[in-house]
Amino acid sequence: MALEIDGPLLARSHVAADRATLDEPRANSVPAHEGHAGGVSSPSPLGLTAADAATLLGVSESHFYSLHKTGRLGPLPVRMGRAVRWPRQELVEWFHAGSPPRSRWQAMRRGNRR
């Protein structure tokens, strides 16, 4: 009878120890990307898919594409082969600048580079 009780208790104590180890912050760990399930550590991507960029801006993916198509989305995407990504930092800067249309955004960016 004691063996039946010890088995599950022993198993539960190992699970608790494993969870405690996973919950401990590591000095050299990279923050988990919010898009990954299960808390898998990975750096935040520099380029975002349209879906991720739309989520970042708080709009639907179809509205994001509409903004891009009509020139109301300032940042242009970067193409890497067949992959299309929008630069995360530029999207954030564009948003904080008041979300100007592309023509004004590009002029602002050219002015900052001089």
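Residues numbered from 1 in each chain as written. Predicted model: local features only at pLDDT ≥ 70, side-chain atom pairs only at ≥ 80, totals over all residues. Heavy atoms only, no water.

Undergrad: Where do I start with the nonpolar core in this structure?
TA: One broad rule of soluble globular proteins: the nonpolar side chains tend to lie buried together. Of all hydrophobic cores here, the largest spans twelve residues; its members are Leu-48, Ala-50, Ala-53, Ala-54, Leu-57, Phe-64, Leu-67, Leu-73, Trp-86, Leu-91, Trp-94 and Trp-105. With four residues, the top contributor of residues to this core is helix 2 (residues 50–57). Those residues in contact with Trp-94, other than ones at most four positions away along the chain, are Leu-57, Arg-72, Leu-73, Gly-74, Pro-75, Ser-99, Pro-100 and Trp-105. (Core = buried A, V, L, I, M, F, W, Y, C linked by side-chain atoms within 4.5 Å. Buried < 20%, exposed > 50% of the residue type's maximum accessible area, 1.4 Å probe, protein only. Helix = DSSP H or I, 4+ residues; strand = E, 2+ residues; numbered from the N terminus. Contact = heavy atoms within 4.5 Å.)

Undergrad: Any chance you could explain the pattern of salt bridges here in plain terms?
TA: Here the idea is simple: oppositely charged side chains can pair when their charged atoms come close. Counting across every chain of the model gives two salt bridges. Residues Glu-90 and Arg-109 are paired through a salt bridge, measuring 3.6 Å at the closest nitrogen-oxygen approach. With Glu-90 in helix 4 (residues 88–96) and Arg-109 in helix 5 (residues 102–113), this pair connects stretches of sequence that are 19 residues apart. Under the relative-accessibility criterion, Glu-90 is labelled buried at 12%. The closest approach of N and O atoms between Glu-93 and Arg-109, which form a salt bridge, is 3.1 Å. (Salt bridge = Lys/Arg side-chain N within 4 Å of Asp/Glu carboxyl O.)

Undergrad: Explain the sheet that holds strand 1 (residues 47–48) to me, please; I cannot follow it from the model alone.
TA: The pairing of strands in a sheet happens through backbone hydrogen bonds and is either parallel or antiparallel. Here three strands make up an open sheet; going across it, the order is 1-3-2 and the pairing antiparallel. The sheet terminates laterally at strand 1 and strand 2 (78–80), the two strands that pair on one side only. The sheet contact formed by strand 2 and strand 3 (residues 83–87) spans three bridges and is antiparallel. In the strand pairing of strand 3, Val-78 is matched with Arg-85. (Pairing = 2+ DSSP bridges.)

Undergrad: Sorry, what's going on with the environment of Leu-56 here?
TA: Of note, Leu-56 is situated in helix 2. According to the relative accessible area criterion, Leu-56 is partly exposed, its value standing at 37%. Sequence separation between Leu-56 and Leu-91 is 35 residues; the distance between their C-alpha atoms is 8.6 Å. Contacts of Leu-56, omitting those with residues within four sequence positions, involve Leu-48, Arg-88, Leu-91 and Val-92.

Undergrad: What exactly am I supposed to notice about the packing of aromatic side chains here?
TA: Each pair of aromatic rings is reported with the distance of its centres and the angle of its planes. For the structure shown, the criterion picks out two aromatic pairs. Relative to Tyr-65, the ring of Phe-64 has its centre 6.3 Å away and its plane inclined at 70°; by these criteria the two rings are edge-to-face. Residue class for Phe-64 comes out buried when judged on its relative accessible area of 0%. Residue class for Tyr-65 comes out partly exposed when judged on its relative accessible area of 41%. For the ring pair Phe-64 and Trp-86, a centre distance of 4.9 Å and an interplane angle of 80° mean the geometry is edge-to-face. (Phe/Tyr/Trp six-rings, centres within 6.5 Å; stacked < 30°, edge-to-face > 60°.)

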